[in-house]
Structures are given as C-alpha cells and as structure tokens.
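What follows is the residue order along each chain.
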Amino acid sequence: MLEPKVKGKRGSLFLDKYFSGESIDYRQMIALFIPLLVDQAFIVGLNLVNTAMISSSGVAAISAVNMIDSLNIFLISVFIAVSTGGTVVVAQYKGSGNDQMVSKATAGAVSSVSLMALCIGLFGIVLHGPLLNLLFGAASPEVMANARTYLIGSSLSYLGIAVVEAVCGALRGIGRTRASLVLSLIMNLIYVLLNFVFINGLHMGVFGMTIAVNVSRYLAAVCALIYLFRMDNTLHVKIRDLLVLNWSMLKRIMNIGLPFAAEQMFFNGGKILTQVFIVSLGTYAIATNAITSTLAGVMQIPANALSLTLITVVGQCMGSRNVKDARKFVKSFLWLSSASFVLMALLIFPFFHPLVSLFHPPAEIIDDIFLVFLINSIAQIPLWSISFITPSALRAAGDSKYTSMVSMLSMWLFRVVLGYLLGIQFGMGIVGVWLAMNCEWGVRGFIFLRRFLGEKWVQHKVI
C-alpha cells in the first residue's frame, strides 16, 4: 500500500519543482490546461469528422473546402490575433490584481475584434471573385464553383466567431478556461451535428456546410454574450461598455494584437502561396495536403493546448513582475510539448490506415500521405515547440513586434521560397513543400530560443 503513495509523492514533487512558483502552482496550471486540451481535441476531432463528411461529396468538394479554409485561416487569424492581445492584457491586469481594468480590457477586446471581423467579412464577400481567380485560378471549374459558395458563406460567419473568440480569449486571460471550453463546445458540436444533417442526410454538399458554419457560430456568439452580461460574476461587463471604445485600452490591446495580426497575415499569406503551388500540382496533391494537414492537427492537440495555457501563465507572471517564474515555466512547457509529440506519434501511427480510410482517399495517394505525415511527425518532436511555444511566451510578455517580424521573415524567406524550389523546381512535389515547412520551423525556433535566453523580452511594459 505504500508504493502508490510514494509514487504519488514523487509525482507531486516533480510537478512542484517544474510547474509551481510564487505566481502560480501546478494545480492552477492543470485547471487551465485540461479545458484547453479538451477544447483543442474537440476542435481538431470535429474538423477531422467534418473533413471526412465533406469528402463523401467527392474529391472536388474536399479540395474546394481545403483551398478556402487556407484563406479562412488567413482572414480569421487577423481578429484572433487581436483577441490574443486582449488575452495578454487581461492576464497581466489579473496578475497585478486590478479587477476594474480586467473588465475594461475584456470590453475593449470584444469591441475591437467584432468591428475588425465585420470589416474582414465584408471584404471577403465583396471581393470573392477576384480573390478566387487570383489565388486558385488553376483549379478545375467544379472545384471553383464549390470554393465560391464556401468563401461567401464563411465570410458571412466571421462576426459570429469573432465574438466567441474575443470572449473566450478574455476568459482564458483570467483563468476561466472551463467557461471558454463550454462556449467552444457549443459552437463546434452544433457545427458537426448540422454538417451531419445537411451533408450526409440532405446531401447538400458544400452549401450545407456553409449553412452549418453560420448557424453554429452565431448561436455560440449569442451564448457568449449572455454569459458575459448575465452569468459572469467577476467581469461586470455591460452592453454599453461594448458600444464605447476606450482608446487607451484599445491601444494596449492593439500594441500586442496588431503586430501579431500582421504576423498572421504574412504567415498565412505565405501558406496560401504555398497552397497555390499545391493547386498547380493537381487535385490529388490538394487532397493529400488536406488529409495530411488534418492528421498533423491531431498530433498537435496537446502542444496547442500548452501554447494557449502558457500565454495566461506567462501573462500573469509578468503582470506580477516575476521574471524568474516566467523563465522557469517556459522551459518546462518546451520539454513537455516535445514529449507530447512522442506520445501522440505512439498513439496515432498504429491506427494510420483506419484514420486515413475516413477520408475515402484514392488508393494512389495513400503512400504519399504516409510519407509526408511520417516526415512531419519526426520533425515536430524537436522543432515545433521552439517554433510555437517560445513565441507564445515572448508575446505574453509584450515582445510582440519582435516575434512578428521574425515569423514574417522566416515564413517568406524559407517556407515560401524553399517550398517553391523543392516542390516545383526540383520536382519533389508535396513532399518538398512540407520539408520546406519543417526547415522553416527550425530556423524560426533557433532565433526565438536565442531571444528567450536574453533579457530584452522581459523589459516590456504592457500595463
């Protein structure tokens, strides 16, 4: 009977040593992390299910959805970046113990993100024709017809997801990850349920998917606002707070959010250009990329949850000016994130063929999917964490401009140029494009690690 107690004691000693400090302890971190992990698992899992469902409508449908999703990620990432700025500001005010400014920061985040999303949505609707012709003009007419429907429908839904992201970002900043989890689950479960009805039941294809995405996002937005105004007993946000822009608060949020938004635009712009390379390789290459990207997303579930958790953890540490804790936790999260990729590889590879069969791929591309996924899985273990976990910590400390500049330059100088050379010029195809991405992770991660080991990133004043 003594052995389990000894093991339990050793476990708690390990957690105390690496995940506890003066600012926050491992129990609080676990309370932050678990809802985010469940949230990421549901988002990726439901994305996998949705991709599998739309694949039943044919290769043209899955190709169109994958193409437009790369554009969706580009546009949505702009206001998600600003909501991350809200998370950082809220977390730092929470760490400093200023509850009144926490409420003002929350209202500022929701207002600014919603306004930005409305403008971006109108941009996508009005300019959908030129956008599609410019980016994906090489696609077949059937793929383009599906892409047009999905782009207009997605653009209509941006305001809904913006409200949800802004509220969830603020809730993560104060450690209310359970509430943000519930809102995310409402949105994603309704989405997959409606997709099942419209795609599998009524056979509405891509048009049914656009109806599902709009209904789910706006229902979740209504729930988010009801929670903010009626159910939360600490933030004390009123409707009038959202209608009046607090310029000083908006400046704080934008100082973090805008460089990150610019980074995301350039970063995802590079991914879209890479997508253009892939489109030129043919429909099978698009499908290979879509399926492999979905599987890679499954691999990244725990690491993405750790990255989101670290923003709150470092934000609160820096709000209380405890640099020692911030450094300690970043190192611990880097090791834990890399270990998570080993664990996920051991869980996923034995079930590779059953997972791939969900997407109904042509037999000709299964070997390509396996090769690309294997290369990427090996590369993720040492490279993903330093490339994505480290900048989350730097950004949470206010070092947003530096992280954004590095990410933009590395994306265009390495992933885009090298991807074109390896994939197109040297004839390596989809494998070359993914190899270039892995190389870019290594370059970017090395630069971020050097920044983290220095002093400049801890000298910023966010609040």
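Only a predicted model underlies this, so the values are computations on that prediction, with no experimental measurement involved. (Residues numbered from 1 in each chain as written. Predicted model: local features only at pLDDT ≥ 70, side-chain atom pairs only at ≥ 80, totals over all residues. Heavy atoms only, no water.)

In terms of helices and strands, the chain carries 18 helices and zero strands. The contacts in the chain between residues at least 6 apart in sequence include a share of 84% that link residues at least 24 apart. Summed over its atoms, the accessible surface of the chain is roughly 19500 Å², and 69% of this surface lies on carbon and sulfur atoms. (Helix = DSSP H or I, 4+ residues; strand = E, 2+ residues; numbered from the N terminus. Contact = heavy atoms within 4.5 Å. Areas by Shrake-Rupley, 256 points an atom, 1.4 Å probe, with all protein chains shown as cover.)

Throughout the structure, instances matching the rule amount to four salt bridges. Taking the shortest distance from any N to any O, the salt bridge between Glu440 and Arg415 comes out at 3.0 Å. With Glu440 in helix H18 (residues 429–453) and Arg415 in helix H17 (residues 400–425), this residue pair connects regions lying 25 residues apart in the sequence. Just as Glu440 is buried, Arg415 falls in that class too. As a salt-bridge pair, Glu440 and Arg444 come within 2.9 Å of each other at their nearest N and O atoms. Linking Glu440 with Arg444, this pair stays in helix H18, spanning four residues, or about one helical turn. Residues joined in a network through salt bridges with shared partners are Arg415, Glu440 and Arg444. (Salt bridge = Lys/Arg side-chain N within 4 Å of Asp/Glu carboxyl O. Buried < 20%, exposed > 50% of the residue type's maximum accessible area, 1.4 Å probe, protein only.)

This part takes up the environment of Val88. Relative to the helices and strands, Val88 is located in helix H3 (residues 59–96). Residues Val88 and Gly398, spaced 310 residues apart in sequence, show a C-alpha to C-alpha distance of 8.0 Å. Once residues within four sequence positions are removed from consideration, Val88 is found in contact with Ile256, Ile311, Arg395 and Ala396.

What follows is about the packing of helix H14 (residues 323–348) against helix H16 (residues 366–396). Running from N to C, H14 and H16 cross one another at 155°; their axes reach a closest spacing of 9 Å. Viewed along their axes, H14 and H16 adopt a mutual orientation that is roughly antiparallel. You can see that H14 and H16 cross each other, and the crossing is right-handed. Residue-level inspection shows Val330, Phe333, Leu334, Ser337, Ser338, Phe341, Val342 and Ile348 of H14 in contact with H16, the latter providing Phe373, Gln380, Ile381, Trp384, Ser385, Ile386, Ile389, Thr390 and Ala393. Residues that form the contact of H14 with H16 fall into these classes: twelve nonpolar, five polar and no charged. (Axes fitted to C-alpha atoms, helices over the stretch in contact; angles between N-to-C directions. Parallel < 35°, antiparallel > 145°, perpendicular 65-115°, else oblique. Left-handed = near helix turned anticlockwise from the far one by under 90°. Nonpolar A, V, L, I, M, F, W, Y, C, P; charged D, E, K, R; others polar.)

Mean pLDDT over the chain stands at 81; residues scoring 70 or higher make up 89%. Considering each helix and strand of the chain separately, the mean pLDDT is smallest for helix H1 (residues 2–19), with a value of 64, and largest for H14, with 92. (pLDDT = per-residue confidence, 0-100.)

Our next topic: the packing of aromatic side chains. Scanning the entire structure with this criterion turns up eight aromatic pairs. One cation-aromatic arrangement involves Arg444 over Phe388; the distance from NZ or CZ to the ring centre is 4.7 Å. The ring centre of Tyr402 lies 3.8 Å from the NZ or CZ of Arg451, which sits over that ring. (Phe/Tyr/Trp six-rings, centres within 6.5 Å; stacked < 30°, edge-to-face > 60°. Lys NZ or Arg CZ within 6 Å of the ring centre and 35° of its normal.)

Before going further, it helps to examine the nonpolar core. With 65 residues, the main nonpolar core has Phe79 and Val167 as its most contacted residues. At the level of secondary structure, the elements contributing two or more residues to this core comprise H3, helix H4 (99–126), helix H5 (128–136), helix H6 (141–156), helix H7 (158–173), helix H8 (177–201), helix H9 (205–231) and helix H11 (247–280). The residues touching Val167, leaving out its near neighbours within four places in the chain, are Val110, Leu183, Ala224 and Leu228. Counting 64 residues, the second largest nonpolar core, distinct from the first, contains Met29, Leu36, Phe373 and Val406. (Core = buried A, V, L, I, M, F, W, Y, C linked by side-chain atoms within 4.5 Å.)

Let us look at the side chain of Glu165. In this structure, Glu165 sits in helix H7. For the buried Glu165, which has no salt bridge, the nearest side chain bearing the opposite charge is Arg172, at an N-O separation of 4.3 Å. Discounting residues that sit within four places of it in the chain, Glu165 has contacts with Ile80, Ser83 and Arg172. (Lys, Arg positive; Asp, Glu negative; His and termini not counted.)

Spanning 19 residues, helix H13 (residues 301–319) covers 28 Å between terminal C-alpha atoms, matching the ideal 27 Å at 1.5 Å per step. H13 sits mainly inside the fold: 17 of its 19 residues count as buried. (Expected span 1.5 Å × (residues − 1).)

Right, let's get into the side chain of Arg172. Positionally, Arg172 belongs in helix H7. Every residue in contact with Arg172, bar those within four places of it in the chain, is listed here: Leu32, Leu36, Thr87, Glu165, Thr177, Ser180, Leu308 and Thr312.

Before going further, it helps to spend a moment on the environment of Phe14. Inspection of the secondary structure assignment puts Phe14 in helix H1. For the pair Phe14 and Tyr26, spaced twelve residues apart in the sequence, the C-alpha separation amounts to 9.9 Å.

Together, Val417, Tyr420, Leu421, Phe426 and Met428 give the surface a local cluster of nonpolar side chains, amounting to about 450 Å² of exposed area. Mapped onto the elements, Val417 comes out in helix H17. (Patch = residues over 30% accessible without salt bridge, like charges linked within 9 Å, V, L, I, M, F, W, Y side chains within 5 Å.)

Along the polypeptide, Met408 turns up in helix H17. For Met408, a relative accessible area of 15% gives the class buried. Considered as a pair, Met408 and Gly270 are 138 residues apart in the sequence and their alpha carbons are 8.7 Å apart. Those residues in contact with Met408 that lie beyond four places of it in its chain are Ala262, Glu263 and Phe266.

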